[in-house]
Amino acid sequence: MRNLLSFLKKTPAKPENFVALDFGTTSTKAFVFSLDEKVELRGQGRGTPEEAVEQSATQAGTRPTQAVVGIGGENVWCLTTTVRLNRGNPGEEIKPEEVAKLQQQIFRTALIQATTQMSQFVNDPELTLQPVDSENLFYKIDGQLVGDPLGRVGQVLEASVFTAHSPAVYLQQLTKFLKKLDLNLWAVCSLMSILVRALANNEPQNFNAIILDTGGRVTDVAVVFGGGIWGTRPLALGGENFALPLWLSGIETALADFEGVKSFPNRIILTGGGAQIEGLKEGLLDYPLTRALPFSSQPIVEVRTDVGPQNMKLVAEEIAGGNNAA
Amino acid sequence: MPLESTDGLLEALEKIRRAAKSSAAERGTLSLPDGSPLLRNRLSQKILKKEAQKLGVVVEGLALGDERPPTFGFQEGVDIRPADQVVETGRRIEAGGRRLVEILHSRGMKKFLLFSGTGLAGLGVVTALLWMVPKATVRLDVRSESLVQGFELVASPSATAIDTEKKILPAVLIEVEEKGEQKAEATGKKEKGTEAKGESTIYNWTDDDKTFAKETVLTLIRVEGEKLKFLLAEELTVPAQTASVSATPEERTTTYTPGKKTAAVTAEKVGEEYNLRAGSQFSLAGLSTDEFLAQNSEAFAGGKKEEVTIVTDEDQNRLLTRLKEELEKKAREDIQSRTVGDQKLSEEAIAYEVLGQTFDKEVDEEATDFNLILRLKGSAFIYSQKQLEELVAKLLAEEVPENFDLADKELATEVSAAQIIEGDDGQKMLKIFTKTKAAVVSQVDQDRIKNDLVGRGLNSAQKYLESIPGVVAVEITVFPPLPRPLMRMPQLTSRIDIVLKHD
């Protein structure tokens, strides 16, 4: 279950439609979705933020006032946090209060970790983060995967949650910018988590991969284990003024920055506008990643151009479903 | 090597390449201006260093980030003849007498007197009879007023006679001592038993150590029913929760383990309901169970309860009141039996003093019945009713209003209250509050009335008598009975009797 933190709480009513925005480094992509019985794409646009919104609104025949913004690159820090509680009362059934306490511990831990990691990465000791997106990945009781822990008994309750945090300053700027576009910020989601969901094909537990989402100036590098984003790194090299050797070297440096990973997944997926750059896949296949990085074997490389910000429909469906439920 | 604030990774690398070609420098310092995107991306800095190294240039001056520490009122209306008129009447009689002697000493008169002497003597006899024989009785009903007066008297054992000035009359102190015993049923109920005891483990889910004082309350968490409470046997400190991080090839896990400590607890009250099964959970001192929770691993035991009958404070007071009333009655009768003659006992003035009371069971002591032994002393002053009335009569006489007299009726004196007091010398006395009812009648000056009535016709006498203040009814009887117009009041005051009547 996805939780788009903070923002949904401020939006009690479900709008009829909304525009999903991906502010790329070189161009903005806008997708207008209607929120009737099911979520449907009504229009899309590309260009400057104003152009993209107007194009998508014109095509949809309606201009939404609510926006869902997918963020990536240097504006979001994704990580998966696993917390384990040694229960003092293993014979008692797990109650909602206990799960709530576990979640509280997870979010506290995640915020500390994200703040520590991102402040070091961007060299800003005063960095203040705000949680924007989260998703429960799994619950385990005494090491066994369970769908819902409520009512069960056991000594150790464990949960793994994906979280995305953004700098509070960025979110304030984003809200102000959207006001200029006559839009209200309805929700924020991580673009990388959308890609992971789209690529996992409803089997997240078996989805292990390295995702390289190459945009105009930034390539987002994500390491995914069991459908959970272990971490992301924004590599400031994209398809614009592309230099393959430098990019490959940059990918190697980015992967080396994921400290603690003992064995990377042997599957690399290329997405984004830059995925189709000629020679990219081949160059990656030929690059000796195994030389300095912990790969068990040379990874396979896939190019997936069918996934992207348009997949924010997935998030829209969950937001609409969650809001209906509310 | 200066960089522009807009230079990204590519631009910086290009400048390094150019610098490397244009000079043989192997070592260079890269100055990153404020706002440079390179400063906000550790990866970019790493790549920059790495690529420069490939060009044989060592880049210095790059900041790769530091560890960040986690953070609330008679009128005088008498028919008095003026004094000068009384004197004038006397003078006229004296002058008349002198002329009569002169006539009697004349010759003509001597004969006349000789012949008429007998007639005059007979007339004198008749006249004398007219003076001497008539007699009148005047009955006057005079108004009476009721006079009620209260007096505060003192009956003192040290007095031997009544003292009007000090309002004291003699008294005798009588003291009697009574002893009695009575039994009564106890009505109180009390739960008796033992408290359940056991051990409970306290879990601390916070980041700080927590100290719980001795007798901190643990409350059983339950949806319905009484929130049973237990108390910590002693003070203890429960350590904070611990967190440990472990990393495996595929995940990094933070494990939180609550701090815990086992403590001995005792039920707040007695009873079997406190014998809780193992696994029962408790909140502590009203703190959130999300932070502090206690649970017993083994069942609590030893709690039991039974209801017993006990003596209550109310039971003792009830029995004491009952026995005290009984002994007071007995003391009263004993004192009364010691009075003789007209000695009077004021029940209100009997003082009772409990000399001792002994209950064989204490309050709260378990018993079905209990016994009380009570010793009581009754003290009273008795005095002579006659002396009391005598003193009151004297005092009352001083209270009769001007122009009124105390009627010849018996005084009605009653003692409204009495209390034993202590004099300045410490001697006990009886202070008596009396209320005396008497009748006072208007004063009637009988001598003056008789003088004023002499020779008056009946009507005149009637009117005169009725005009006297305080007289409400007049009845005149004259002897010998003659027709009313001929009847007059006697000429001699001694032949007039006045009889006063009042209600």
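About the criteria used
Residues numbered from 1 in each chain as written. Chains lettered and ligands numbered in written order. Predicted model: local features only at pLDDT ≥ 70, side-chain atom pairs only at ≥ 80, totals over all residues. Helix = DSSP H or I, 4+ residues; strand = E, 2+ residues; numbered from the N terminus. Buried ≥ 20, exposed ≤ 12 C-beta atoms within 10 Å, placed from the backbone. Contact = placed C-beta atoms within 7 Å. Axes fitted to C-alpha atoms, helices over the stretch in contact; angles between N-to-C directions. Parallel < 35°, antiparallel > 145°, perpendicular 65-115°, else oblique. Left-handed = near helix turned anticlockwise from the far one by under 90°. Nonpolar A, V, L, I, M, F, W, Y, C, P; charged D, E, K, R; others polar. Core = buried A, V, L, I, M, F, W, Y, C linked by C-beta atoms within 7 Å. Pairing = 2+ DSSP bridges. pLDDT = per-residue confidence, 0-100. Expected span 1.5 Å × (residues − 1).

Asker: Which residues make up the overall build of chain B, and what are the values?
Answerer: Of the regular secondary structure elements, chain B holds 8 helices and 24 strands. Taken over 503 residues, chain B has a buried fraction of 22%.

Asker: Give a description of the overall build of chain A that names residues and reports values.
Answerer: Scanning chain A from terminus to terminus reveals 8 helices and 15 strands. Counting all 326 residues of chain A, 47% fall into the buried class. Nonlocal contacts in chain A, meaning residues at least 24 apart in sequence, comprise 69% of its contacts between residues at least 6 apart.

Asker: Lay out the packing of helix H5 (residues 244-256) of chain A against helix H2 (residues 42-54) of chain B with the relevant residues and their values.
Answerer: Close contact between H5 of chain A and H2 of chain B brings their axes to 10 Å; oriented N to C, the two are set at 120°. Viewed along their axes, H5 of chain A and H2 of chain B adopt a mutual orientation that is oblique. Where H5 of chain A crosses over H2 of chain B, the two elements pack in a sense that is right-handed. Contact residues: Leu246, Ser249, Gly250, Thr253 and Ala254 of chain A in H5 of chain A; Leu43, Lys46, Ile47, Lys50 and Glu51 of chain B in H2 of chain B. Looking at side-chain class alone, the contact of H5 of chain A with H2 of chain B contains 4 nonpolar, 3 polar and 3 charged residues.

Asker: Describe the nonpolar core, with residues and values.
Answerer: Across soluble globular proteins, nonpolar side chains show a tendency to be buried alongside one another. If you look at the biggest cluster of nonpolar residues, it comprises 96 residues, and the most contacted ones within it are Val19, Ala67, Val68, Ile211 and Val224 of chain A. The contact partners of Ile211 of chain A, leaving out residues within four places of it in the chain, are Met192, Leu195, Val196, Ala222, Val224, Ile269 and Thr271 of chain A. Within the second largest apolar cluster, 43 residues are counted, among which are Val142, Leu372, Ala380 and Leu391 of chain B.

Asker: Help me get a handle on the interface of chain B and chain A, residues and values and all.
Answerer: Listed per partner, the contact involves 39 residues of chain B and 39 residues of chain A. Elements that contribute at least two residues to the side of chain B that touches chain A include exactly helix H1 (9-22), H2, strand E6 (188-204), strand E12 (252-257) and strand E15 (292-295) of chain B. Broken down by element, the residue count for the side of chain B that touches chain A peaks at 7 residues, all from H2 of chain B. Relative to E12 of chain B, strand E6 (residues 77-86) of chain A is paired through 4 bridges, and the arrangement is parallel. When the bridges of E12 of chain B are listed, Leu85 of chain A appears paired with Tyr256 of chain B.

Asker: Give me the confidence of the model for chain B: which residues, what numbers.
Answerer: Residues and elements named next belong to chain B. Looking at chain B, the pLDDT average stands at 82 and 87% of residues meet or exceed 70. Per-residue pLDDT, averaged within each element of chain B, yields its smallest value for helix H3 (residues 83-104) (48) and its largest for strand E9 (residues 229-232) (95). Predicted complex metrics record ipTM = 0.83 and pTM = 0.50.

Asker: Tell me about the packing of H1 of chain B against H2 of chain B, and name the residues and values.
Answerer: Residues and elements named next belong to chain B. Contact geometry for H1 and H2: axes closest at 10 Å, N-to-C directions at 20°. In terms of orientation, H1 and H2 fall into the roughly parallel class. The crossing of H1 and H2 is right-handed. Mapping the contact onto sequence places Leu9, Ala12, Leu13 and Ile16 in H1 and Ser44, Ile47, Leu48, Glu51 and Ala52 in H2. Here the residues of the contact of H1 with H2 sort into 7 nonpolar, 1 polar and 1 charged.

Asker: Lay out H5 of chain A with the relevant residues and their values.
Answerer: The terminal C-alpha atoms of H5 of chain A lie 18 Å apart, and with 13 residues this matches the ideal 18 Å at 1.5 Å per residue to within 8%. All of the buried residues in H5 of chain A are Trp247, Gly250, Ile251, Thr253, Ala254 and Leu255 of chain A. Contacts made by the buried residues of H5 of chain A are with strand E11 (209-214), strand E12 (219-225) and strand E13 (228-235) of chain A together with H2 of chain B.

Asker: Summarise the environment of Leu10 of chain B; cite the residues concerned and give the values.
Answerer: Residue and element names in this part refer to chain B. Examined against the element boundaries, Leu10 turns out to sit in helix H1. By the C-beta count within 10 Å, which is 18 here, Leu10 ends up partly exposed. Sequence spacing of Leu10 and Leu48 is 38 residues, and the spatial spacing of their C-alpha atoms is 8.9 Å.

Asker: How would you summarise the pairing of strand E9 (residues 156-167) of chain A if you had to cite specific residues and measurements?
Answerer: Residues and elements named next belong to chain A. The buried count for E9 comes to 11 of 12 residues, which makes it a mostly enclosed element. Bridging between E6 and E9 involves 10 bridges; their strand directions are antiparallel. Its bridge partner lying in E9, Thr81 is registered against Val161. Strand direction decides the pairing type here: strand E7 (residues 129-141) and E9, joined by 11 bridges, are antiparallel. Among the inter-strand pairings, Glu135 is bridged to a residue of E9, identified as Phe162.

Asker: Explain the pairing of strand E5 (residues 66-71) of chain A to me, and be specific about the residues and the numbers.
Answerer: Residue and element names in this part refer to chain A. Counting buried positions over the 6 residues of E5 gives 5, a clear majority of the element. Bridge count for strand E2 (residues 17-23) against E5 is 4 bridges, and the pairing is parallel. Across the sheet, residue Val19 finds its bridge partner in E5, namely Ala67.

Asker: Tell me what's going on with the confidence of the model for chain A, and back it up with residues and numbers.
Answerer: Scored by pLDDT, chain A comes out at a mean of 87, with 93% of its residues at no less than 70. Note on residues 5-12 of chain A: pLDDT is under 50 here. Beyond four places in sequence and across chains, it has 12 contacts.

Asker: Help me get a handle on the sheet that holds strand E10 (residues 184-190) of chain A, residues and values and all.
Answerer: All names here are of chain A. Read across the open sheet, the 5 strands follow the order E4-E3-E2-E5-E10; overall the sheet is mixed. Sheet topology places strand E4 (39-47) and E10 at the edges, where each strand pairs with a single neighbour. Strand-to-strand twist of the sheet, defined as the mean angle between neighbouring strand axes without regard to direction, takes the value 25°. In this structure, E2 lies alongside strand E3 (residues 28-35), joined through 7 bridges in antiparallel fashion. Following the sheet pairing, Ala20 is matched in E3 by Phe31. Helix-sheet contacts for helix H1 (residues 49-60) involve E2, E3 and E4, and the interaxial angle to E4 is about 140°. Of the strands in this sheet, E2, E5 and E10 touch helix H4 (residues 191-200), which is tilted by about 60° from E10.

Asker: Any chance you could break down the sheet that holds strand E24 (residues 496-501) of chain B for me, citing the residues and the numbers?
Answerer: All names here are of chain B. Taken together, 3 strands build an open sheet; the order of strands is E23-E3-E24 and the sheet is mixed. Strands with a single pairing partner mark the edges of an open sheet, and in this sheet they are strand E23 (471-479) and E24. Between one strand axis and the next, the sheet turns by 15° as a mean value, whatever way the strands run. Judged from the 8 bridges that link them, strand E3 (residues 135-142) and E23 form a sheet pairing that is antiparallel. Within E23, the position partnered with Leu140 by the bridge is Val474. Sitting on the sheet, helix H7 (residues 446-453) touches E3 and E24, and the angle it makes with E24 is about 130°.

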